[in-house]
Amino acid sequence: LCVFPQRFNGGAMAGMAASQVAGDRLSGFDKAGPIAGFFVNVEPSKRSTIQMELYYIQKGSRKNADAVEGDYESYLLRLNYVELPLLYRFNIGWFALEAGPSVAFLMSGYEETNGEDVKADDFATATFQLNFGVVFTIAQNWKINIRTNNSFTNLRNQTYTGHVPRLWTHGQFNDVLQLTLAYQFLHFGK
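Here is a short report on the structure shown in this document.

Here is what the cut-offs are and how they apply
Residues numbered from 1 in each chain as written. Predicted model: local features only at pLDDT ≥ 70, side-chain atom pairs only at ≥ 80, totals over all residues. Heavy atoms only, no water. Helix = DSSP H or I, 4+ residues; strand = E, 2+ residues; numbered from the N terminus. Polar contact = N/O pair within 3.5 Å; in protein donor to acceptor, adjacent residues only side chain to side chain. Contact = heavy atoms within 4.5 Å. Salt bridge = Lys/Arg side-chain N within 4 Å of Asp/Glu carboxyl O. Buried < 20%, exposed > 50% of the residue type's maximum accessible area, 1.4 Å probe, protein only. Pairing = 2+ DSSP bridges.

Some details on the side chain of N9
Phase 1: Mapped onto the secondary structure, N9 falls in strand 1 (residues 7–22).
Phase 2: A distance of 3.0 Å separates a polar atom in the side chain of N9 from a polar atom in the side chain of E43.
Phase 3: Beyond its immediate stretch of four places on either side in the chain, N9 contacts F39, V40, N41, E43, Q184, L186 and H187.

See the structure below:
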């Protein structure tokens, strides 16, 4: 029987997300939202880490009116998710490259145009994402993570005129840039 030494870790993470919605005819990562949650990981080798996370994240889209430019149109889409990523990290000294899928479960959604509630109820209950990022170790047990999180399933249950293609479907898709600070406070194994 051959046993490989493994190290298990756990911790907490918090940060900010800058998001946009591809297919809403707006552009730019103009919607800020919080991120907070927990993670566990296993290190099957010195170069590899497999990490599972569970966190709250707010995604969406925003366009503010600009009276100086004569633009009085405003828009806000706020989507609150619980997200579960499964990531593989390749460790290279004090930093790591990461990639993996995630599933996000919608907790609530809110949409308004020009300050008026749209009463939208066509949001998908789950979306699937691909994640790519870089992790920097800044001190023992402390890490900074910069990640892109892009959905490949429609965030709505229906497709409307103006929606964009992504992989095999058309729709609106969450595109998110994430910046988080993580602290590992649980360590088991070698």
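Re the pattern of salt bridges
Phase 1: Evaluated as defined, the whole model comprises nine salt bridges.
Phase 2: The closest approach of N and O atoms between R156 and E111, which form a salt bridge, is 2.8 Å. Of this pair, R156 sits in the loop between strand 8 (142–151) and strand 9 (164–166) while E111 is found in strand 5 (residues 95–113), placing the two residues 45 residues apart along the sequence.
Phase 3: Relative accessible area serves as the criterion here: at 7%, R156 is assigned to the buried category.
Phase 4: Classification of E111 as buried rests on a relative accessible area of 9%.
Phase 5: Counted as one network, the salt bridges with shared partners bring together E53, R89, E98 and R147.

Considerations on the pairing of strand 5
Phase 1: Sheet topology places strand 4 (residues 75–92) next to strand 5; 16 bridges connect them, and they run antiparallel. Within strand 5, the residue paired with L84 across the bridge is V103.
Phase 2: Between strand 4 and strand 5, which pair antiparallel in sequence order, lie two residues; one of them, G93, sits at a positive phi of approximately 70°.
Phase 3: Where strand 5 meets strand 7 (residues 126–139), 11 bridges bridge the pair, whose relative direction is antiparallel. Each bridged residue has a counterpart across the sheet, and for S102 the counterpart in strand 7 is Q129.
Phase 4: In this sheet, strand 6 (residues 116–117) lies alongside strand 5 in antiparallel orientation, the contact comprising two bridges. In the strand pairing of strand 6, T113 is matched with E116.
Phase 5: Connecting strand 5 to the next strand, strand 6, in antiparallel fashion are two residues, including N114 with a positive phi near 50°.

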